[in-house]
Amino acid sequence: MTTKPLVEISDLKIEGLRGREWTPIIKGESLALEPGKVLGLVGESGAGKSTLGLAAMGYVRPGCRIAGGRISFDGTDITNAPEPVLRALWGKRIAYVAQSAAASFNPAHRILRQHCEAPRDRGTDKTLDPRQDAVDLYTRMRLPDPEHIGFRFPHQVSGGQLQRMMTAMAMACRPDLIIFDEPTTALDVTTQIEVLESIRRIVREFGTSAIYITHDLAVVAQMADAIKVMRHGETVEEGPVRQMLHDPQQDYTKSLWSVRALRADAPPAFAEGAKPAIELRDASASYGPVRVLEDINFSVAPGRTMAIVGESGSGKSTLARVVCGLLPPDTGEVRVKGAVLAPDYRARSTEGLRSVQLIYQMADTALNPRKTVGELIGRPASLYLGLRGAALRQRVRELMEMVQLDPDGLMAARPSDLSGGQKQRVGIARALAADPSVIICDEVTSALDQIVAVEVLKLLAEIQRDLGVTYLFITHDFEVVEAIAHDVTVMQNGRIVAQGPKAKVLNAPHHPYVAELLSAVPQRDKNWLSRVSKARRANAKDQER
Amino acid sequence: MPASRAETLRTVGEAPFAAKLGMGIVLAYLAVAIFAPLLAPFSQSEIVGGPYEAASARSWLGTDALGRDFLTRILYGIRNTVGIALITTVVTFLFGAFFGLLAAVRGGWVDQLLSRIVDILMSIPALIFKLLLLSIAGASIVNLILIVAFVDSTRVFRLSRAAAGDVAVMEYIEAARLRGENLLSLMFRETLPNIIAPLAAEFGVRFSFVFLVISSLSFLGIGIQPPAADLGSMVRENAALISFGRITPLIPAFCIGLLTIGVNFMVDWLLHLTSGLKD
């Protein structure tokens, strides 16, 4: 092939202002993207993949600068190009699809109006009616009711639909290049499949070039022609998809697969007659008139991990709220070590509050930004166990060491000084500080990179081995279930559809919903998406009949 | 936030020019307020010459309508007005922020009750309300401070309730509730540090307003009582001189304006520091 590349980046260096110094973010990267090709950029957060992706559109974030190298788009140099030049390209010839469609749409305007803005202002094809075209694009993206869905507000459609509408919007001016920045990371596995499939189809139909940024090698394998793995602002390895999947050369690339390799230890033997660490009996709960949980029963033996799995909206997070007492159930009761806890947390004893601790999904919002790490971890210890002064400091040090945080360096740090993985460790230490019987982990790894997530999971498993705590692990991710759970409860629409030891539930799924969820987990196989999509369509047809 | 004293000094040293200027102005006013009796050549009610004398070696800025030394009056005016305005603003914030936090964190009927009371109070024009209360209670410094603080605290209530309301729904507050923290701890330990930024900004603005309110009340004869000097009434008393081409009434006005600007420069910078936002 001797086609001229659409985007060519050579020896690009980007620096960011940290404190008063410029520190390198991208350390001399080059890439060339031919028209109609899709390049996957893979790496942890902080690897510089988003910065490089944005640089391909000539954009650097505020506080960053291009320190060297050259970016050219379709033969023109756009390195440090003035804004009007870039603006003429953006939206029209280069489009960007962000991770959070919800944050990228203006919530105050209807989607169609936002969709039509770009083609109306700067569309090349004046004969094309943007509204008609939007309906056409929505149809291609397989959105329900394409004629009318555009008249909704962003909050009136689901996350997966919104992400597809965002892609449709990016297509509105028929750009030559689209940058996808983790478009499916925030979605459920089953929703992810639909979005991935729509994106892949529309990109192929229009022959658009794309840069697909993600941390998930399995996802990018479905979308891209070539993959570039990045770390610390440098390329670790790049090559065609097939080679990267089956014959990765670098250890780092191999380690990206390691989540799948993590397996839970054998659970402790189930002592006869021992009271379950936590038990939920006939619990039903509702938000106002809407029933969200129906007849939930489960019990977890001490030292074991129960995974509660389901898509968003299945009621798994509501379940956590019921156990914590944030949402008093309509009927049913929560028992910890045999003792009934009051339905409302305000009515619970200090002892009852101490025995159940919660680790949140978003450590960002779960840690008070104005407190130091020492204060955050120390508070439960002083509140419940009455530790003061030197004893408290000693305990905080122990806890920090337990979660592998450096007590000397980080005791006085605030959450904003920490990385995502460190914040989650603080969350874990804070839960442990209460010396609880049960820890509820609410999607604790879903906001983290795979490699960081593995470490957090390993840590949780280690803590369980040492302290014998019981976990209630709420997740939508089957890899996490495989990695850490002993027992599994699968939920759908507020009901339990399958429950039991992990091997039984996952290996021979007797419930079609479980089978569907399992098939939606991205596989290390280039043809996985096509295969699953085909199967799902066949299934849907069967059901119609 | 700076941890040690050395670090504090360094942070101050690295402050932008406007912030240093603001700090300088505020410090100068504080010095004047504290040392006014030492700095002033005369006492504030002493008649040293004829009315409306021009500047001379004895009275650098001339004399006022009663023949009192204008420079002395300015220095004492700063002492009286700044002192009272500062105390009033602090009381305003103690009141307003406490109830605002209480309403936001406790919620439910407490919030409803407090918010409706504040709505009612705010529906009465502030100056007339203050006048009314002052004429009932009688004009004294303590009454002045308490009444201005009470009426103005409704604004601070609104602000702190709104700011704390955003914080109260965060997961770390939920985590603190689940931990069994009591109400005061939720309000002051968990929520307050997160709304310091808007409160600090409001403090600067509110201080300037209180300053002006006290001046207007003095103008109406129920603020700071003569013969004690205050900047607001000095502007009024000497206003007529402007038509004779004298700048005398502008001097106290300038003193008010300068302090307002200084306070706001300083608060802007503090805000920038505490918010932890880099640009």
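Reading guide: rules and limits
Residues numbered from 1 in each chain as written. Chains lettered and ligands numbered in written order. Predicted model: local features only at pLDDT ≥ 70, side-chain atom pairs only at ≥ 80, totals over all residues. Helix = DSSP H or I, 4+ residues; strand = E, 2+ residues; numbered from the N terminus. Rg over C-alpha atoms; globule rule 2.2 N^0.38 Å. Buried ≥ 20, exposed ≤ 12 C-beta atoms within 10 Å, placed from the backbone. Contact = placed C-beta atoms within 7 Å. Axes fitted to C-alpha atoms, helices over the stretch in contact; angles between N-to-C directions. Parallel < 35°, antiparallel > 145°, perpendicular 65-115°, else oblique. Left-handed = near helix turned anticlockwise from the far one by under 90°. Nonpolar A, V, L, I, M, F, W, Y, C, P; charged D, E, K, R; others polar. Pairing = 2+ DSSP bridges. Right-handed = clockwise from strand over helix to strand, strands pointing away.

This next bit is on the overall build of chain A. If you tally the helices and strands in chain A, you get 22 helices and 20 strands. Radius of gyration (C-alpha) of chain A: 25 Å, near the 24 Å computed for a compact globule of 545 residues. In terms of its C-alpha atoms, chain A occupies a principal-axis envelope of roughly 75 × 65 × 45 Å. Residue burial in chain A is summarised as follows: out of 545 residues, 47% are buried. Sequence-distant contacts in chain A: of pairs separated by 6 or more residues, those separated by 24 or more amount to 68%.

Take helix H7 (residues 171-179) of chain B next. Residues and elements named next belong to chain B. Of all nine residues making up H7, seven are buried, and the element is well covered by its neighbours. For H7, every residue scored as buried is listed here: Glu 171, Tyr 172, Ile 173, Ala 175, Ala 176, Arg 177 and Arg 179. One or two steps after H7, the chain reaches Gly 180, where phi turns positive at roughly 90°.

Residues and elements named next belong to chain B. Between helix H4 (residues 108-123) and helix H6 (residues 141-168), the least distance of the axes is 10 Å, while the angle of their chain directions is 140°. In terms of their interaxial angle, H4 and H6 are classed as oblique. H6 is crossed by H4, and the crossing has left-handed handedness. Counting all contacts with H4, which are made through Ser 115, Val 118, Leu 121 and Met 122, the residues of H6 involved are Thr 154, Phe 157, Arg 158 and Arg 161. Partitioning the contact of H4 with H6 into residue classes produces four nonpolar, two polar and two charged.

This part is about the sheet that holds strand S4 (residues 64-73) of chain A. The strand order across the open sheet built from four strands is S2-S1-S4-S5 (chain A), with neighbouring strands paired in antiparallel fashion. The two strands at the open ends of the sheet, each matched to only one other strand, are strand S2 (21-33) and strand S5 (76-77) of chain A.

Next up on the list: the packing of helix H14 (residues 373-385) of chain A against helix H17 (residues 420-433) of chain A. Residue and element names in this part refer to chain A. Following both chains from N to C, one finds H14 and H17 inclined at 25°, their axes separated by 7 Å at the closest point. If you check the angle between H14 and H17, you find them roughly parallel. Both H14 and H17 take part in a crossing whose hand is right-handed. Residues Val 373, Leu 376, Ile 377, Pro 380 and Ala 381 of H14 touch H17, and the partners they reach there are Val 426, Ala 429, Arg 430 and Ala 433. Residue composition of the contact of H14 with H17, by class: eight nonpolar, no polar and one charged.

Below, the discussion takes up unusual backbone geometry. Residue and element names in this part refer to chain A. Here Asp 11, not a glycine, exhibits a phi torsion of approximately 45°, which is positive. Judged by C-beta crowding, with 12 C-beta atoms within 10 Å, Asp 11 ranks as exposed. The backbone of Arg 174 sits at a positive phi, close to 50°, despite the residue not being glycine. Note that Arg 174 resides in the loop between helix H6 (159-171) and strand S7 (177-181).

Working note: regular strand, side chains alternate between the two faces of the sheet. All names here are of chain A. The buried count for strand S17 (residues 438-442) comes to five of five residues, which makes it a mostly enclosed element. The two faces of S17 match: Val 438, Ile 440 and Asp 442 on one face and Ile 439 and Cys 441 on the other face are all buried. Judged from the five bridges that link them, S17 and strand S18 (residues 470-475) form a sheet pairing that is parallel. The partner of Asp 442 across the bridge, within S18, is Ile 474. What joins S17 to S18 is helix H18 (residues 450-467), and the crossover it makes is right-handed.

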